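# Understanding the architecture of this molecule
Residue-level listing of the chains:
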Amino acid sequence: MEASFAEVVFPRTIDRPFTYRIPPDLGHLVKIGCRVLAPFGPRRLTGFIVGVKASTRLADSELKDIHDVLDLQPLCSDELYRLARWISDYYLCPLGDALKAVLPAILFQKSRQYVELVAENISSLGWMLKNAAPRQAQIVRYLSKSGRLPVTQLMKRIGARNLMSSINDLQAQGFVMVQHVLPKSQVKTRLARFVRLNPEITGAEAWNQQVDGGRKLTARQIRCLQYLKETGAEISQKDLLFISGIGLSTLKSLQKRSLVELYDKESERNYYRHAEIVEPPKIILNEEQKSAFEQVAAAIGKNEFSTFLLHGVTGSGKTQVYIEAIYVILQTGRDAIVLVPEISLTPQTVQRFRSHFRDQVAVLHSAMSPAERYDSWRRLKSGEARVAIGPRSAIFAPLRQLGLIVVDEEQEDSYKQADPNPRYHARDVAVMRAKLNNAVVILGSATPSVESYYNAQIGKYQILKLPRRVDDIPMPKVEILELQKEQRLSGKKEMPVFSRLLAQEIDKRIMNQQQVILLLNRRGFSNFIKCKDCGFIENCKNCQIALTYHLRGRRLRCHYCGYTKKAPEVCPECGSADVLFRGLGTQRVEEDIKERFPSARAVRMDLDTTGRKWAHDRILRDFERGKYDILLGTQMIAKGLDFQKVTLVGVINADIGLFLPDFRAGERSFQLLTQVAGRAGRKNLPGEVIIQTYSPFNFCLVCAKTHDFVKFFNKEIEERRELLYPPFGRIISILFKGKDEKKVMESAGNFAQVLKSEKVPFQVLGPTPSPLVRIQNKYRWHVLLKGSKRLDASGKLLRQAVRTAEKKFREDFKVRGIQIAVDVDPVSLL
Ligand code: ADP
Ligand code: ZN
Ligand code: ZN
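My aim in this report is to walk through the structure given alongside it, one point at a time. (Residues numbered from 1 in each chain as written. Chains lettered and ligands numbered in written order. Predicted model: local features only at pLDDT ≥ 70, side-chain atom pairs only at ≥ 80, totals over all residues. Heavy atoms only, no water.)

### Considering helix 13 (residues 347–357)
Taken across its 11 residues, helix 13 has 8 buried, putting it largely inside the fold. All of the buried residues along helix 13 are Pro347, Val350, Gln351, Phe353, Arg354, Ser355, His356 and Phe357. Phi turns positive one or two residues past the end of helix 13, at Arg358, with a value near 50°. (Buried < 20%, exposed > 50% of the residue type's maximum accessible area, 1.4 Å probe, protein only. Helix = DSSP H or I, 4+ residues; strand = E, 2+ residues; numbered from the N terminus.)

Below, the structure written as structure tokens:
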């Protein structure tokens, strides 16, 4: 076929390819999956070639020429391209956006490109090219003077048109080499402030002189110095202030007296590469592991697409099964992807895989710089590395022959990209990508998602079970502590942070030099009304989710369907008059810890403290080394590491998570509590979990107490069936954002009207304000679509309806200043 025309898509909102003429001299370079420069209106944009064809119905005057071809080889394989197409179709986003997600970010940043002459005999090369390719000869001539030049400089001297393609041609023949170099600012390392004891005062004599005797120091200052001396290490200023309870000015005055040193230090980079590789321990799989592994190996042997759900409690040896499966896949000459939630991508996890597969492992971590990620990407694309490990986006690893995908902790919400486009779920993309490659998928979890477990029940996935912990450590004892009783007994008006039982148990651990994890659910962003006496919380009668309390008008509102009613003055269940609820902030818990356990060394870990690259990693490592007694944190501490000395896990208040306005609130709470319970107890040190709550008879808690996933699932699945929630129905959320609330409201309303006029089997819920109605000065309203899978199994009708409606809406209502975000299968509706 004579390819004369190229179809090009751009990473913009216009969701269709544009046709361009291919100038004759670029013909041989145009390949699907390469980037091109092409004129687009008054601008010149980078787009992707998604198709080539011999003819077009467009008139010549409507066509423009491709300006240049930027890549020598297609950036994405045919297989990845097909995956991007599926993503664009399924998640209702432009193909250009999907392609952009599939490729490394660096390719879209202003990197500096250098061309370097690598040919041997330059003068004869010049002659050879002079007639055949005068432009190439020109480039060689310029390069022969300096050896290496930035592309921009060449552009200035000989013009931009077709420059890259000529360079690519030269590169293909081995005469030059092109390198991407990022501007300095991109690879800048972050600095953090650290503190250490002045080394000169660590000796006993100096210590006596400077600290104990002579100079006047406050008790707190001494405590702080003593802490630094005991640990003998540096510590970040932030952590130190928290642990010692001193203020910044106090610390500064210690610095003035030369007792401590403050300095900035680079946060760690190249974290993984420099770590030493150790021999992996020899492990013989136990019966259950063997059986699971053999089923996976058989599927690999058949070269057929299949999906396994590996349901195994924490510490049951799931990872060992993944590792054995990777050995098999590498032997067959194929490659593997291992997805782990961001938080579990610790050096320990990576080391475990690297100790087995050495340099064949490439890590793709979002905390790596774009250049580092690009480096991993290149190693995978060239076949040098064959096991990609990383969070969500690693599902797009450019492997040559994909054979196995592992999704660890498959129930994790972080696998879903919330923003921006494409709003994909990496677990579902994994299953799709495996299908395109006849590959095998292992979804692993201690608490599978309701959707995946259901898929296993109906035979879509094959279930594999590891019901016991490897070393047969018993599951920890879980105690549910009723807070209203506690409050009554304490005689105080305010809700207690620590019940007497929890406080007692914490004291015990500190005394015995064991460790404690305290879980504080994310603060309630939206308030709900709860009876202080009986714990009653009102649900929407249509949607079974907790109604949210709005101060304005004192009303309760459902964030799914928009149902609203006046907030009750007294509890409808027990008639008590005390019904308002307020969440508990981290701050107050921190203060309480300091007050009640003054000798304890505590550290907090949540989004605020872990903004810095690798910061949470350091906190976890320090905790593991015994630098702290108490680790306080949000859900993020529930997963990840195994700590040998943690024997108590306390959940300060389980209710906040239980009553989030989301149909998955119950599922998430169950998962969280089960995971957090899995953190307690090791060999010879039995664990204990104390869950504080006002709703002691809540089903999730009751199931978490007995570690009974199946019981929880059986009830949950019936509720979902009744209300057509996933996996029985499909949800698409359409979010409207804008500065003008009235306009946002109207747009959502108009959109809902357009949707309602379509004759397809689904419900249109809303519009309603989002639970987080205002973020960064923008108002947010949403419309939800709920379709039944019985009537529309693949969701095709539903998606088509949204596409049509969006088009019609944009044409009919020409609104400005409103952003619309379509989220298919949303995991959060905040
Ligand atoms: P999971 O991934 O289910 O949490 P892991 O695979 O991490 O479990 O196993 C937990 C611990 O038990 C690890 O330290 C691992 O090395 C060890 N382990 C796994 N399988 C075996 C086995 N068959 N025999 C002995 N130790 C094992
Ligand atoms: Zn009540
Ligand atoms: Zn409702």
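### Observations regarding the nonpolar core
If you look at soluble globular proteins, the nonpolar side chains tend to sit buried side by side. Counting residues in hydrophobic clusters, the biggest one holds 137 residues, and the most contacted among them are Ile395 and Phe736. If near-sequence neighbours (up to four positions away) are discounted, Ile395 is found in contact with Ile337, Leu339, Ile405, Tyr424, Ala426, Val429, Ala430 and Arg433. Grouped together as the second largest cluster of nonpolar side chains are 34 residues, Val321, Met368, Val387 and Ile442 included. (Core = buried A, V, L, I, M, F, W, Y, C linked by side-chain atoms within 4.5 Å. Contact = heavy atoms within 4.5 Å.)

### Here we look at the environment of Ile22
Mapped onto the elements, Ile22 comes out in the loop between strand 2 (18–21) and strand 3 (35–40). Taking the relative accessible area as the measure of exposure, Ile22 reaches 10% and is therefore buried. With residues near it in sequence (within four places) discarded, Ile22 still touches Ala3, Ser4, Phe5, Ala6, Gly27, Val30, Val52 and Ile66.

### Remarks on the site of ligand 1
In the vicinity of ligand 1, 14 residues are found, and the nearest of them are Ile284, Gln289, Lys318, Thr319 and Arg352. Measuring from an oxygen atom of ligand 1, one finds a backbone N or O atom of Gly317 at 2.9 Å. Within the backbone of Lys318, an N or O atom sits 2.9 Å from an oxygen atom of ligand 1. Considering ligand 1 on its own, with 550 Å² of exposed area, one finds that the protein chains cover 71% of that surface. Among the elements that make up the shell around ligand 1, the one with the highest residue count is helix 12 (residues 318–331) (3 residues). (Near = heavy atom within 4 Å. Polar contact = N/O pair within 3.5 Å; in protein donor to acceptor, adjacent residues only side chain to side chain. Areas by Shrake-Rupley, 256 points an atom, 1.4 Å probe, with all protein chains shown as cover.)

### Regarding the environment of Gly247
Looking at the secondary structure, you find Gly247 in the loop between helix 9 (237–244) and helix 10 (248–256). The class for Gly247 is partly exposed, based on a relative accessible area of 31%. Spatially, the C-alpha atom of Gly247 lies 9.6 Å from that of Arg220, the residues being 27 residues apart in sequence.

### A short note on the sheet that holds strand 18 (residues 462–466)
One open sheet accounts for 7 strands, arranged 14-15-13-16-17-12-18; its pairing is parallel. At either end of the open sheet lies a strand with only one pairing partner, and these are strand 14 (361–363) and strand 18. Adjacent strand axes in the sheet meet at a mean angle of 20° when their direction is disregarded. The pairing of strand 13 (residues 335–339) with strand 15 (residues 387–390) spans 4 bridges and is parallel. Within strand 15, the position partnered with Leu339 by the bridge is Gly390. Helix 11 (residues 287–302) contacts strand 12 (306–312), strand 17 (440–445) and strand 18 of the sheet and is inclined by roughly 155° relative to strand 18. (Pairing = 2+ DSSP bridges. Axes fitted to C-alpha atoms, helices over the stretch in contact; angles between N-to-C directions.)

### Let's talk about the packing of helix 4 (residues 134–146) against helix 5 (residues 151–158)
Between helix 4 and helix 5, the shortest axis-to-axis distance is 11 Å and the interhelical angle comes to 120°. As far as their axial angle goes, helix 5 and helix 4 are oblique. The handedness of the crossing between helix 4 and helix 5 is right-handed. Facing helix 4, whose interface residues are Arg135, Gln138, Ile139 and Tyr142, helix 5 presents Leu154, Arg157 and Ile158. Residues of the contact of helix 4 with helix 5, tallied by class, amount to 4 nonpolar, 1 polar and 2 charged. (Parallel < 35°, antiparallel > 145°, perpendicular 65-115°, else oblique. Left-handed = near helix turned anticlockwise from the far one by under 90°. Nonpolar A, V, L, I, M, F, W, Y, C, P; charged D, E, K, R; others polar.)

### Side note on the packing of helix 12 against helix 13
For the pair helix 12 and helix 13, the least separation of the axes is 11 Å and the interaxial angle reads 35°. Note on packing geometry: the crossing formed by helix 12 with helix 13 is right-handed. Contact with helix 12, carried on its side by Thr319, Gln320, Ile323, Ile326, Tyr327 and Leu330, involves Arg352, Phe353, His356 and Phe357 of helix 13 and no other residues of that element. A class-by-class count of the residues in the contact of helix 12 with helix 13 yields 6 nonpolar, 3 polar and 1 charged.

### Considering the sheet that holds strand 31 (residues 819–824)
Pairing within the open sheet is antiparallel, and its 4 strands lie in the order 29-30-28-31. What marks the edges here is a single partner per strand, and that holds for strand 29 (762–775) and strand 31. For this sheet the average axis-to-axis angle between neighbouring strands, irrespective of direction, equals 20°. Here strand 28 (residues 729–738) runs beside strand 30 (residues 778–788); their pairing, made up of 10 bridges, is antiparallel.

### Description of the pairing of strand 1 (residues 5–9)
In terms of burial, strand 1 is largely enclosed, as 5 of its 5 residues are buried. On strand 1, burial covers both faces: Phe5, Glu7 and Val9 on one face and Ala6 and Val8 on the other are all buried. Pairing between strand 1 and strand 4 (residues 43–53): 5 bridges, direction antiparallel. Across the sheet, Glu7 pairs through a bridge with Gly51, a residue of strand 4. In terms of strand pairing, strand 1 meets strand 2 through 4 bridges, oriented antiparallel. Looking across to strand 2, one finds that Val8 is bridged to Phe18.

### Re the pairing of strand 16 (residues 402–408)
For a regular strand, the rule is simple: side chains alternate between the two faces of the sheet. Most of strand 16 is tucked away, with 7 of its 7 residues classed as buried. Where strand 13 meets strand 16, 5 bridges bridge the pair, whose relative direction is parallel. Directly across from Leu339, in strand 16, lies its bridge partner Val407. As paired elements, strand 16 and strand 17 share 5 bridges and run parallel to each other. Opposite Leu404, over in strand 17, you have Val440 as the bridge partner. Note on the crossover from strand 16 through helix 15 (residues 426–437) to strand 17: the handedness is right-handed. (Right-handed = clockwise from strand over helix to strand, strands pointing away.)

### Observations concerning the coordination of the zinc ion (ligand 3)
For the zinc ion (ligand 3), the full set of protein donor atoms is Cys540 (SG), Cys543 (SG), Cys558 (SG) and Cys561 (SG), at a range of 2.3 Å. Viewed at the metal, the 4 donor atoms of the zinc ion (ligand 3) are separated by angles of 107 to 114°, and the geometry they form is tetrahedral. For the zinc ion (ligand 3), all donor residues lie on one chain, and their spacing in sequence is C-x2-C-x14-C-x2-C. Placement of Cys540 in the loop between strand 20 (515–519) and strand 21 (548–550) and of Cys558 in the loop between strand 22 (555–557) and strand 23 (564–566) is noted, with a sequence separation of 18 residues between them. Here the two residues Cys540 and Cys558 agree in accessibility, since each one is buried. (Donors = N, O, S within 2.8 Å, 3.2 Å for Na, K, Ca; no water. Tetrahedral: all angles 85-135°; square planar, octahedral: opposite > 155°, others 65-115°.)

### With respect to a positive patch on the surface
A cluster of like positive charges, contributed by Lys130, Arg141, Lys145 and Arg157, occupies part of the molecular surface. As for its position among the elements, Arg141 is in helix 4. (Patch = residues over 30% accessible without salt bridge, like charges linked within 9 Å, V, L, I, M, F, W, Y side chains within 5 Å. Salt bridge = Lys/Arg side-chain N within 4 Å of Asp/Glu carboxyl O. Lys, Arg positive; Asp, Glu negative; His and termini not counted. Charge placed at Lys NZ, Arg CZ, Asp CG, Glu CD.)

### What about the pattern of salt bridges?
Scanning the entire structure with this criterion turns up 37 salt bridges. The partner of Glu505 in a salt bridge is Arg509, with the nearest N and O atoms 2.4 Å apart. Pair noted here: Glu505 and Arg509 are both in helix 18 (residues 500–511), with a separation of 4 residues, about one helical turn. A network of salt bridges, in which partner residues are shared, links Lys477, Glu479, Glu505, Lys508, Arg509 and Glu688.

### A closer look at the packing of aromatic side chains
In total, this model carries 24 aromatic pairs according to the counting rule given. Summarising the aromatic geometry, the rings of Tyr90 and Tyr91 are spaced 4.8 Å apart at their centres and angled 75° between planes, so their arrangement reads as edge-to-face. With relative accessibility at 1%, the residue Tyr91 sits in the buried group. Consider the rings of Phe396 and Tyr424, whose centres lie 5.1 Å apart with planes at 65°: the pair is edge-to-face. Here Phe396, found in the loop between strand 15 and strand 16, pairs with Tyr424, found in the loop between strand 16 and helix 15; they are 28 residues apart in sequence, far enough to count as distant. For Phe396, a relative accessible area of 2% corresponds to the buried category. Judged by its relative accessible area of 2%, Tyr424 is buried. Pairwise contacts between aromatic rings join Tyr453, Phe670, Phe709, Phe712 and Phe713 into one cluster. The ring of Tyr114 has Arg148 lying over it, and the distance from NZ or CZ to the ring centre is 4.0 Å. (Phe/Tyr/Trp six-rings, centres within 6.5 Å; stacked < 30°, edge-to-face > 60°. Lys NZ or Arg CZ within 6 Å of the ring centre and 35° of its normal.)

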